[in-house]
Amino acid sequence: MNTSLNTAATVNRSPSGCSHPVTALLTEDEREQLEALARQESRTKSATLRLFYLRGIAASGGGHPVNA
């Protein structure tokens, strides 16, 4: 049996080297807001939260350039 016909290829949307998970605690309202924003941008919650982090660092003058 050829299992390659039964599985879909996975796409890694994270940048190279992005492999260190971090846990974030959110209120129920914050989580709902994150989920809504992630759906609007067709992103995962993790990708959306990472983008917010990078934008916050850039806005504070802390360095990482974000083209978003």
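Here, the structure is the one placed above.
What counts and what doesn't
Throughout this description, residue numbers start from 1 for each chain and increase along the sequence as written. Local features in a predicted model are, by the rule used here, given only for residues with pLDDT of at least 70; side-chain atom pairs are given and counted only at 80 or more, and totals for whole chains, interfaces and linings are based on all residues. Excluded from the side-chain calculation are hydrogens and water; included are all heavy atoms of the structure. Going along the chain from the N terminus, every DSSP run of H or I of four or more residues is numbered as a helix, and every run of E of two or more is numbered as a strand. What a helix is expected to span follows from its residue count: subtract one and scale by 1.5 Å. Like-charged residues are merged into a patch within 9 Å and nonpolar side chains (Val, Leu, Ile, Met, Phe, Trp, Tyr) within 5 Å, provided each residue has over 30% relative accessible area and no salt bridge. Accessible surface is estimated by sampling points in the Shrake-Rupley manner with a 1.4 Å probe; for residues, cover comes only from the protein chains shown. One speaks of a salt bridge when a side-chain nitrogen belonging to Lys or Arg is within 4 Å of a carboxyl oxygen belonging to Asp or Glu. Positive charges are assigned to Lys and Arg, negative charges to Asp and Glu, while His and the chain termini are left out of the count. A charged residue contributes its charge at one atom only: NZ of Lys, CZ of Arg, CG of Asp or CD of Glu. Relative accessibility thresholds used throughout: buried, under 20% of the residue-type maximum; exposed, over 50%; partly exposed, between the two (1.4 Å probe, protein chains only).

Undergrad: Help me understand helix 1 (residues 28-40) in this model?
TA: An α-helical segment advances 3.6 residues per turn. Residues three or four places apart therefore align on the same side. For helix 1, built from 13 residues, the straight-helix expectation of 18 Å at 1.5 Å per residue is met to within 8% by its first-to-last C-alpha distance of 19 Å. At the exit of helix 1 stands Ser 42, carrying a positive phi of roughly 55 degrees.

Undergrad: I tried to follow a negative patch on the surface on my own but got confused; where do I start?
TA: A surface patch of negative charge is lined by Glu 28, Asp 29, Glu 30 and Glu 32. By the element assignment, Glu 32 lies in helix 1. Given the relative accessible area of 41%, Glu 32 is considered partly exposed.

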